[in-house]
Structure formats: structure tokens, C-alpha cells
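Report on the structure
Chain by chain, the residues:
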Amino acid sequence: MSDALPHAQVPAAFDVGAAAYDKLVGANPGYHDHLRLSAQRMGLPDGGRGMRLLDAGCGTGASTAALLAAAPHAEIVAVDASAGMLAEARSKAWPDSVRFVHSRIEDIADADVTGPFDGIFAAYLLRNLADPDTQLRTFRDMLNPGAPLTVHEYSVRDSAVATAVWNAVCWAIIIPAGRLRTGDASLYTYLRRSVLDFDGASAFLDRLQRNGFTDVHSETMPGWQRNVVHTFTGRATRR
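Residues numbered from 1 in each chain as written. Predicted model: local features only at pLDDT ≥ 70, side-chain atom pairs only at ≥ 80, totals over all residues. Heavy atoms only, no water.

Below, the discussion takes up the packing of helix H6 (residues 160-182) against helix H7 (residues 186-197). Direction vectors running N to C along H6 and H7 enclose 160°, while the axes themselves pass 8 Å from each other. Looking at the two axes, H6 sits roughly antiparallel to H7. As for the relative orientation of H6 and H7, their crossing is right-handed in sense. Together, Thr163, Trp166, Asn167, Cys170, Trp171, Ile174, Ile175, Gly178 and Thr182 of H6 and Tyr188, Thr189, Leu191, Arg192, Val195 and Leu196 of H7 make up the contact between the two elements. (Axes fitted to C-alpha atoms, helices over the stretch in contact; angles between N-to-C directions. Helix = DSSP H or I, 4+ residues; strand = E, 2+ residues; numbered from the N terminus. Parallel < 35°, antiparallel > 145°, perpendicular 65-115°, else oblique. Left-handed = near helix turned anticlockwise from the far one by under 90°. Contact = heavy atoms within 4.5 Å.)

Written out as C-alpha cells, the structure reads:
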């Protein structure tokens, strides 16, 4: 596979990398801290008591753990398209308030995952979808009016420095480490390219607004991922 991995093949690529994924991201300084920071930025009151939340694209459960830390009293439905990644997530200890569902995010209604939700957390998901606009509108319709969508995502187009940092980290660390651990660098070369092709921060905020979200804003991360990884948040419009 080239770094232009077709969207339909992305879940299978994650299946290949699933067993090594936690060790690879664990070597990234700040990875888990930054997920927790984005989940905290959702601003969920009272630890999420009485709330129902969707973790869209939960992977091996790192985003689920971040959401649980921010909202320990909420019901969390965590969905992922990769059976391998989801198996890693399910192998961990979770409270009864967390439920995992295997489904493409585009097909979750067929997996009996329906709204309304009091918040949606989507980490490293939107740039992997063939039609992010349709998915954003679906998320809007799944949310209670005024409830937040928080997207934790790479976005480097608005910064030449961030783009250079991202390329350097990919070629020097991420791609070689992925090849070493899995014997296949396809997922990691795709990762590099998907980030370069994704919206800049300003363009993604515009995309959120076009698809029915208000009060949109973004904040970046501290450390080496400044202007590389961002928290994007918007609130569902009243319908």
C-alpha cells in the first residue's frame, strides 16, 4: 500500500497495527495527557452525571479512558471500525458504564447506536473518513441541542513550522518504529499523508460551522505538538 491508503482500507490497516498500537503511542510524550486535556475541554458538568456520551473512533480505548476521566459518572458508548483495535480496548478493565460497539462510524445506527447524546468525543477520526461533512451533520443530529462535539485531531496546514515538525517526527520516529514493531509501515505512512492532507485549523472551524455547529473554537496542545494537535469544539444547533 502507498501512503494514499483508500479510506475503506483504513480499518484493516489498524487491525494489522492493533497489537503494537498502545506501545507505539505510549512512546509519544503527552499522548494520553493531551487526550485527557481535550476531554476536559468539553466542559462536562458534575463529572458527566446523568449524561450519555459517544466516543466516536475509540481505537484501543485511550480516548475512552480520557473521556471517563473527565466524566466518571456518565454512560459512555465507544465505537470503532477496527475489530483488532476494539479487541485491545475490550481487554482492559472498564466500569459497567462503558460499552464498546464494533461498527464503522457511518453505520452506527445499524449497530443500534442512536442519539440523543449529551456530548460526542472524536479523537483522530474525522480525517480518516471519506465524507467528513456528512458525518459532522450526523453527529449534530445525534446531539441534544447545545451539546458539545469535541474533535481531538492533527492539523498542521496553518503552520509551516508545525508541518516541518510533523514530517520530521514521522520520518525519524513514527514510520521506522511502526515498521519495526509490525513489519508493515503502511498505516504510518498513511498517517503522515492523512495529516498533511487534512484541513488547517481555520478551515476545520469553518467546516464545523457549515455543518450546523455554533460557538466553534480551537485550542492547541503544549509541548512539541503545539500547532500539530488541536482540540476543536462546537455545539449542536437547535433544530
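What follows is about the pairing of strand S4 (residues 119-123). Consecutive side chains along a regular strand alternate between the two faces of the sheet. Taking burial as the measure, the five residues of S4 include five buried ones, the bulk of the element. Covered by surrounding structure in S4 are Gly119, Phe121 and Ala123 together with Ile120 and Ala122, the residues of both alternating faces. Bridging between strand S1 (residues 52-56) and S4 involves four bridges; their strand directions are parallel. Each residue of the ladder has a partner; that of Leu54, found in S4, is Ile120. Pairing of S4 with strand S5 (residues 148-154) involves four bridges; the strand directions are parallel. Across the sheet, the residue bridging to Ala122 is Val151, located in S5. Considered for its hand, the β-α-β crossover made up of S4, helix H5 (residues 132-142) and S5 is right-handed. (Buried < 20%, exposed > 50% of the residue type's maximum accessible area, 1.4 Å probe, protein only. Pairing = 2+ DSSP bridges. Right-handed = clockwise from strand over helix to strand, strands pointing away.)

Tracing the backbone through its elements, the reader meets Ser103 in the loop between strand S3 (98-102) and S4. The class of Ser103 is buried, set by a relative accessible area of 9%. Here Ser103 is in contact with Val79, Asp80, Ala81, Ile108 and Ala111, once residues within four sequence places are set aside.

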